[in-house]
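# Coordinates in review
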Amino acid sequence: MIDLKLGDAFKLIKEIPDNSVDLILTDPPYDRTEYMDSLSDSQKEEIAKEFYRVLKDSGNLALFCGFEDKWKWYNILTKIGFKFQREIIWCYTNPFKFGFKPKKFIAAHETILWFSKTDNYYFNKEGRLEKDYILHYAFSGFVRLNGLENLPKEKYNVTPKPLKIAEILVNRLSKEGDLVLDAFMGLGTFAIASLRLKRNFIGFEIREDIFKMAKERIEKFKMKALKDYFITLKK
């Protein structure tokens with residue numbers, strides 16, 4: 001089952017029953033652009049309460065966030081009752097290089113915060129376990145222009161996450177037949193990872209143009225016409 005909804009996550013999530021989701025895997029907006037604003041602290045707290053409501057007692061939450069946002073998310077989520085499990089680091093193999101020397105270190109990683117609702121959370125221990133840092137390129141610059149994973153070459157002010165990382169999280173934090181929720185779906189990578197690993201999926205996206213592109217990517221995968229999906233999870 002895959003259920004994609006165009007609209008506001010803050011409204012749509014209220015339609016989801018209590019204690020019904022096994023994994024929340026999401027990437028909330030955290031940069032202000034011409035298309036969207038980052039979530040305010042009050043919005044973070046509002047959506048976090050909904051995350052807690054819909055998540056099963058055995059469920060997990062994996063949330064991508066910026067280097068400043070992670071402190072706010074940590075404080076809000078733990079205050080609501082989520083239990084912090086681990087910070088997972090995605091290290092860019094192609095960090096952005098400035099044409100000048102900024103008065104700061106070059107950003108070369110992204111944070112994924114992993115929480116559970118209770119201590120009785122699900123975790124798949126089968127096979128060789130991954131470390132809590134993952135090396136992978138970011139979809140920027142020449143990588144984006146190559147159109148890998150059938151992502152659009154234009155930026156569209158979205159930050160696609162690698163399918164490989166999405167698959168690791170879905171594989172470890174849920175099992176076949178489970179329900180995965182992404183409240184800020186973007187171009188649908190988490191949906192594709194869920195489908196590949198035989199999970200059910202619900203996704204929300206507020207921008208109509210991005211929603212349309214996500215549906216097209218997912219339909220290509222379902223028709224097995226997506227040749228660029230070369231990443232296969234190793235058993």
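An account of the accompanying structure is given in this report. Computed from a predicted model, the values in this text were never measured in an experiment. (Residues numbered from 1 in each chain as written. Predicted model: local features only at pLDDT ≥ 70, side-chain atom pairs only at ≥ 80, totals over all residues. Heavy atoms only, no water.)

This part is about the pairing of strand β3 (residues 55-65). Here is the key point about a regular strand: its side chains alternate between the two faces of the sheet. In terms of burial, β3 is largely enclosed, as eight of its 11 residues are buried. Examined bridge by bridge, strand β2 (residues 21-26) and β3 share five bridges and lie parallel to one another. Each bridged residue has a counterpart across the sheet, and for Ile24 the counterpart in β3 is Leu61. Bridge count between β3 and strand β5 (residues 109-116): six bridges; the pairing is antiparallel. When the sheet's bridge partners are listed, Cys65 is paired in β5 with Thr111. (Buried < 20%, exposed > 50% of the residue type's maximum accessible area, 1.4 Å probe, protein only. Helix = DSSP H or I, 4+ residues; strand = E, 2+ residues; numbered from the N terminus. Pairing = 2+ DSSP bridges.)

So, on to helix α6 (residues 189-196). With six of eight residues buried, α6 lies mostly within the body of the structure. Every buried residue of α6 is listed here: Thr189, Phe190, Ala191, Ile192, Ala193 and Ser194.

So, about the pairing of β5. Of all eight residues making up β5, seven are buried, and the element is well covered by its neighbours. Here eight bridges tie strand β4 (residues 83-92) to β5, and the two strands are oriented antiparallel to one another. Bridge pairing links Ile89 to Thr111 in β5.

Packing of helix α2 (residues 41-54) against helix α3 (residues 69-80) brings their axes to within 10 Å, and their N-to-C directions diverge by 45°. It follows from the interaxial angle that α2 and α3 lie oblique. Here the hand of the crossing between α2 and α3 comes out right-handed. For the pair formed by α2 and α3, the contact residues are Asp41, Lys44, Glu45, Ile47, Ala48, Lys49 and Tyr52 on the first element and Asp69, Lys72, Trp73, Ile76, Leu77, Lys79 and Ile80 on the second. Taken together, the residues that form the contact of α2 with α3 break down as seven nonpolar, no polar and seven charged. (Axes fitted to C-alpha atoms, helices over the stretch in contact; angles between N-to-C directions. Parallel < 35°, antiparallel > 145°, perpendicular 65-115°, else oblique. Left-handed = near helix turned anticlockwise from the far one by under 90°. Contact = heavy atoms within 4.5 Å. Nonpolar A, V, L, I, M, F, W, Y, C, P; charged D, E, K, R; others polar.)

Counting 29 residues, the largest nonpolar core has Leu25, Phe64, Ile112, Ile165 and Leu169 as the members making the most contacts within it. Every element with two or more residues in this core is listed here: β2, β3, β4, β5, α5 (163-173), α6 and α7 (208-222). Setting aside residues up to four positions removed in sequence, Ile112 forms contacts with Ala62, Leu63, Phe64, Arg86, Glu87, Ile88, Ile165 and Leu169. In this structure, Leu61, Cys65, Leu113 and Phe115 belong to the second largest nonpolar core, which totals 28 residues. (Core = buried A, V, L, I, M, F, W, Y, C linked by side-chain atoms within 4.5 Å.)

With respect to the helices and strands, the residue Ser194 is situated in helix α6. Here Ser194 is in contact with Val170, Val180, Arg199 and Phe201, once residues within four sequence places are set aside.

This part takes up the sheet that holds strand β8 (residues 200-205). Pairing is mixed in the open sheet, where eight strands are placed in the order β1-β8-β7-β2-β3-β5-β4-β6. This sheet does not close on itself; its edge strands, each paired only once, are β1 (2-6) and β6 (133-136). Each adjacent strand pair in this sheet contributes to an overall mean axis angle of 15°, direction not counted. Strand direction decides the pairing type here: β4 and β6, joined by four bridges, are parallel.

With that settled, the discussion passes to α7. Taking 1.5 Å as the rise per residue, α7 with 15 residues should run 21 Å; its terminal C-alpha atoms sit 21 Å apart, in good agreement. All of the buried residues in α7 are Ile210, Phe211, Met213, Ala214, Arg217, Ile218 and Phe221. Mapping the buried residues of α7 onto a view down its axis gives an arc of 165°, with all of them on the same face. Facing away from the buried side of α7 by over 90 degrees, the exposed positions are Glu208 and Lys212. Those residues of α7 that are buried lie in contact with β1, α6 and β8. (Expected span 1.5 Å × (residues − 1). Arc of directions from axis to C-beta.)

Here we take up the pattern of salt bridges. Enumeration according to the criterion identifies 19 salt bridges in this entry. The partner of Glu15 in a salt bridge is Lys5, with the nearest N and O atoms 4.0 Å apart. Of the two residues, Glu15 sits in the loop between α1 (9-12) and β2 while Lys5 sits in strand β1, which places them 10 residues apart along the sequence. Judged by its relative accessible area of 54%, Glu15 is exposed. In this structure, Asp41 engages Lys72 in a salt bridge whose closest nitrogen and oxygen atoms are separated by 3.8 Å. (Salt bridge = Lys/Arg side-chain N within 4 Å of Asp/Glu carboxyl O.)

Within the secondary structure, Asn60 is located in strand β3. Polar contacts involving the side chain of Asn60 include one to the side chain of Trp114, which spans 2.9 Å. Looking at Asn60, its side chain comes within polar contact range of the main-chain oxygen of Leu173, at 3.2 Å. Not counting chain neighbours up to four residues away, the residues in contact with Asn60 comprise Asp22, Leu23, Ile24, Leu55, Trp114, Phe115, Ser116, Tyr121, Tyr122 and Leu173. (Polar contact = N/O pair within 3.5 Å; in protein donor to acceptor, adjacent residues only side chain to side chain.)

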